[in-house]
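# An overview of the molecular structure
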There are 2 protein chains.
Amino acid sequence: MRVVCAPTLILISVTICCSLTEKLSNGSSPNIIIMLMDDMGWGDLGVLGQPSKETPNLDAMAAQGILLTNFYTANPLCSPSRAALLTGRLPVRNGFYTTNAHARNAYTPQEIVGGISKDEILLPEMLKKNGYISKIVGKWHLGHRPQYLPLEHGFDEWFGSPNCHFGPYNSSVRPNIPVYNNSEMIGRYFEDFKIDLRTGESNLTRMYLMEGLDFIRRQTEAKQPFFLYWAADATHSPVYASKSFLGKSQRGRYGDAVMELDYSVGQILSLLQKLGIEKNTFVFFTSDNGAALMSGPQESGSNGPFLCGKETTFEGGMREPAIAWWPGHIKGGAVSLQPANVMDLFTTSLALAGISPPDDRTLDGLDLTPVLLNGSHQLDNRPIFFYRGNEMMAVRLGQYKAHYWTWSNSLEELKEGINFCPGQEVPGVTTHDQKEHTLQPLIFHLGRDPGEKYPLSVLSKEYEEVLRSVSAVVQQHQKTLVPGMPQLNMCDLAVMNWSPPGCEKLGKCLKPPTSAPWKCNWPH
Amino acid sequence: MRVVCAPTLILISVTICCSLTEKLSNGSSPNIIIMLMDDMGWGDLGVLGQPSKETPNLDAMAAQGILLTNFYTANPLCSPSRAALLTGRLPVRNGFYTTNAHARNAYTPQEIVGGISKDEILLPEMLKKNGYISKIVGKWHLGHRPQYLPLEHGFDEWFGSPNCHFGPYNSSVRPNIPVYNNSEMIGRYFEDFKIDLRTGESNLTRMYLMEGLDFIRRQTEAKQPFFLYWAADATHSPVYASKSFLGKSQRGRYGDAVMELDYSVGQILSLLQKLGIEKNTFVFFTSDNGAALMSGPQESGSNGPFLCGKETTFEGGMREPAIAWWPGHIKGGAVSLQPANVMDLFTTSLALAGISPPDDRTLDGLDLTPVLLNGSHQLDNRPIFFYRGNEMMAVRLGQYKAHYWTWSNSLEELKEGINFCPGQEVPGVTTHDQKEHTLQPLIFHLGRDPGEKYPLSVLSKEYEEVLRSVSAVVQQHQKTLVPGMPQLNMCDLAVMNWSPPGCEKLGKCLKPPTSAPWKCNWPH
């Protein structure tokens, strides 16, 4: 395993190897379930302070497991975040970024030409080495062209969709997004899979739950170790819930969606217990980025006490709810302050499965098993990097976060009503131009100031000391960084979901226009 | 009992009488402990989303009791809030307000002439009727002149101080604040009771804990029902903690203070259990107003996802952490969304003690026992009023909050660096002039929008319907309101703590200047 090689981290790397070896000799291969929510914010869980406290199942999961309150995504946007989780590598390494402009968030709308490279090794590919069967349920978002789909990258099964559930579209101009069962589409959103934009009604979360439960049951019967990547997207705008949940929340439609997801998590954990496999199944719950505050109160969640939301590298954009659950292995009711991130799930999953991580590339994820199983503090000083596109905007080290660049979005966008920090404004911090602080980063102490409102005085001894240690980490990171080939630069209407595999059988193939690629415009 | 008499509330009043009668016939008189924190914010508890999760005892208290997430103070400032708790009446009724200027927060600095009127009936006076012995530990803040002190208003014992622990002062200009044991001073802050402003070290919380534990032990031995009002002030600036807690928190000095208070709460609950009286002791934990955000990150807490803080009538100023604990009577791990407030503690305590509330005056507090003991929803539609001085700024009804006036503070103060909403700015809401909306109040749905960022459209049907029901409640309230004589209008340097009772014995009497009263200036 290779990590950013500050001297302390070399030691960590060695320790991890040993703990990994122990696991290998132990020979156990627990099932692994990663539940990844879409645009759900840190503050959306009762246990993390949502005032209506409407997530009894997640709160119980935390009470039976370990809550990580300093857990991060790798990017404040969905596609790069998901690519990072599945590769254990920062988007700037795995190619899920753009160089079309500086520090721009990019993702995979259906006009995107790129996707996850064959050179990247995804978690299910690795898990296969130890006999795991893997399924993704829900949103993929690592590219929708045939070579980029989940079954081409290690997953054995898929029920869900390659893109966001936007629409409905006029199919002569833009195809509706397909829903796949394994390698073939089985219909399209708004045509075959209903989302009622007026009422918010859709059965998709229910379907995703059924698919997940069915997979767990089948693998358990087959005595097959499994990896379930449960990536429901009901909390992404347009937000939806099944009829029986609509109107049930104190929080409006968004809360209804959360309640159904919470219920689904409860059903999944409950099935594990019914099947008697809970002590052999590691479950992790988190989200892909902060709440999408720009979508307004009906269509977005809460980032609790944190600054701004999705699209930004402030805490509200990247700190995520996170719970690890594994009865008999993880002590219930624990809270960990370990700075950790979605890329650690790659490395941790491999450690749990007794598989050595790839040794031919830099991994950004660490093995969290010493933290989760033994409450170790040996990783406390590992850095967390906050990227926006091709730029390292900020880094966290211990309790400190240093911003080298700040940006919310442009004044032009703000004037159009696009606001990533509604109701929040910290002068010099939530800047509306890309503000460079590389010579003198803004440094916050996140323990005292989780809302990033009070930069340390640059004249203080504390600032000086922190800057020294952070600078060393940043220099090492930037010196050794080899950016991957950017996959999110080119767009083309011809590559949209006109004729996904399986469309013939359904009579749902559409005629693509002539190819006319352009450099995608990523405004923020 | 008289409450604001909307038709639905008359029904409630009747129901309360019956539940009260049941209690009376039952004959039990549990001990009552109210723990009132100073400037602690809603978001300072782990169970309410503080990211460092450093309140294990309070979190356990919530797990064993009921957490009220919609609990309010009666005023965003300490003195009026405390007066409301102990009288069950809004400050505008009990006199804890000013008419010197419109909508100004006023309190009891040591130059204040007024204090709690003899015409007001305080909770310990009422509890005496059923044989309760009452002690206040900590901050009083209802007037420091002899006639206003706790032992003149129903308390049997007192250890603590009449004012805030500001200082140190040059005693020829301004006396240091005295600390009392019962009816006599036993020293002064900074002279005899150390608070190290540089390190933040002080043993006061430890003393308050010892005093509380000792009182509980003594009353238990004497088989005497008791009321303990435990009003520690370590989280009020200047924030302090005992040596063993300093530097222990992730949150700096403020977090250290919270940790010691949390520890103390744990010690008190633990003693009740050791003494075997936990099933006969009702304990309530809350705070006097929102976190004092203007004091900066080292000296103030968190209001979680809510808007602004202390001094304001936004949620951050008045929504409080609140836990009721009573093993064997209150079901553990429950969460109540009941809109409730500190004045309810007056009426609820009387109901628990089997004492009829005063019938010669309007009370604003309701009996919460049906909610706390039986999970009743009959009080869901009771209004919560948000006053600033002599003005009703806002009212909450159900999930809706209507602002009739908005104000944070003046631009002049803001320019001087006094900011009640640091990092937050909601255009048209966090206004810097006193903005009147009485003809068309700003209405928020606090479930969907707890941060008060998105006023409902005045053109919506929802707005129209809410306005109709809120207007009826407000009209009724204002029509029947008889303001009390304002106690916080006059100031005089001669009334300061120059020669408190007991000063002779200590040789600590100081010579007051000639009386020269003036109308106190309340800038916000």
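Everything quoted here is computed from the prediction, not taken from an experiment.

## A few points about the relation of the copies chain A and chain B
For the match of chain A to chain B, the screw axis carries a shift of 0.0 Å, the RMSD comes to 0.0 Å, and the turn is 180°. One copy is carried onto the other by what is essentially a two-fold rotation axis.

## Brief notes about the pairing of strand S9 (residues 281–287) of chain B
Note on strand geometry: in a regular strand, side chains alternate between the two faces of the sheet. Residues and elements named next belong to chain B. Most of S9 is tucked away: seven of the seven residues are buried. Covered by surrounding structure in S9 are Thr281, Val283, Phe285 and Ser287 together with Phe282, Phe284 and Thr286, the residues of both alternating faces. Looking at chain direction, strand S1 (residues 31–37) and S9 are connected through seven bridges and run parallel. Across the sheet, Asn31 pairs through a bridge with Thr281, a residue of S9. Here S9 pairs with strand S11 (residues 323–325) via three bridges, running antiparallel. The residue bridging Phe284 from the neighbouring strand is Ala324, located in S11.

## A look at unusual backbone geometry
Residue and element names in this part refer to chain A. Cis rather than trans, the peptide bond between Gly167 and Pro168 has omega equal to -5°. Take Pro168: it is sitting in the loop between strand S5 (157–161) and strand S6 (178–181). Of note in this structure, His141 is not a glycine but carries a positive phi near 70°. Within the secondary structure, His141 sits in the loop between strand S4 (133–139) and S5. Phi is positive for Phe190, close to 70°, though the residue is something other than glycine. Relative to the helices and strands, Phe190 resides in the loop between strand S7 (184–188) and helix H6 (204–221). Classification of Phe190 as buried rests on a relative accessible area of 15%.

## Here's the deal with the UniProt feature "binding site: Ca(2+)" (unreviewed entry) in chain A
Residue and element names in this part refer to chain A. Per the UniProt record, "binding site: Ca(2+)" (unreviewed entry) is annotated on Asp38, Asp39, Cys78, Asp288 and Asn289. Across 252 residues in sequence, these annotated residues keep their C-alpha atoms within 7.8 Å of one another, forming a single compact spot. By secondary structure assignment, the location of Asp39 is in the loop between strand S1 (31–37) and helix H2 (56–64). For Asp39, the residues in contact, after removing those within four places along its chain, are Thr235, His236, Tyr254, Ser287, Asp288, Asn289, Gly290, Ala291, Ala292 and Lys310. With respect to the secondary-structure elements, Cys78 resides in helix H3 (residues 78–87). The exposure class of Cys78 is buried, given its relative accessible area of 2%. Those residues in contact with Cys78 that lie beyond four places of it in its chain are Asp38, Tyr107, Lys139, His141, Asp288 and Asn289.

## Quick word on the sheet that holds strand S16 (residues 400–403) of chain A
Residue and element names in this part refer to chain A. Strand order in the open sheet formed by four strands is S14-S15-S16-S19, and the pairing between neighbours is antiparallel. Edge positions in the sheet fall to strand S14 (383–388) and strand S19 (442–445), since each of these pairs with one other strand and no more. In this sheet, adjacent strand axes meet at a mean angle of 20° when their direction is disregarded. Two elements, strand S15 (residues 391–397) and S16, share four bridges in a ladder whose sense is antiparallel. In the sheet register, Val395 faces S16, and the bridge partner there is Ala402.

## Overview of the packing of helix H6 (residues 204–221) of chain B against helix H7 (residues 253–274) of chain B
Helix-helix packing is described using two parameters, namely the angle between the two axes and the distance between the axes. Residues and elements named next belong to chain B. Contact pair H6 / H7: the axes reach a minimum separation of 10 Å and the direction vectors enclose 10°. The angle between H6 and H7 places the two elements in the roughly parallel class. The segment H6 lies against H7, with Thr205, Arg206, Leu209, Leu213, Ile216 and Arg217 engaging Glu260, Leu261, Tyr263, Ser264, Gln267, Ile268, Leu271 and Leu272. Residue composition of the contact of H6 with H7, grouped by class: eight nonpolar, three polar and three charged.

## Some words on the interface of chain A and chain B
Facing the 37 residues of chain A at the interface are 37 residues of chain B. Between chain A and chain B the total buried area reaches about 2800 Å² when both faces are included, carbon and sulfur atoms providing 59% of it. Applying the counting rule to chain A against chain B returns zero salt bridges. Counting every contact that joins chain A to chain B gives ten residue pairs in polar contact (both at pLDDT 80 or more).

Cut-offs used in this document
- Residues numbered from 1 in each chain as written.
- Chains lettered and ligands numbered in written order.
- Predicted model: local features only at pLDDT ≥ 70, side-chain atom pairs only at ≥ 80, totals over all residues.
- Heavy atoms only, no water.
- Least-squares fit on C-alpha atoms with pLDDT ≥ 70 in both.
- Buried < 20%, exposed > 50% of the residue type's maximum accessible area, 1.4 Å probe, protein only.
- Helix = DSSP H or I, 4+ residues; strand = E, 2+ residues; numbered from the N terminus.
- Pairing = 2+ DSSP bridges.
- UniProt positions renumbered as here; feature names shortened; annotations may be inferred.
- Contact = heavy atoms within 4.5 Å.
- Axes fitted to C-alpha atoms, helices over the stretch in contact; angles between N-to-C directions.
- Parallel < 35°, antiparallel > 145°, perpendicular 65-115°, else oblique.
- Nonpolar A, V, L, I, M, F, W, Y, C, P; charged D, E, K, R; others polar.
- Buried area = accessible area lost by both parts, 1.4 Å probe.
- Salt bridge = Lys/Arg side-chain N within 4 Å of Asp/Glu carboxyl O.
- Polar contact = N/O pair within 3.5 Å; in protein donor to acceptor, adjacent residues only side chain to side chain.

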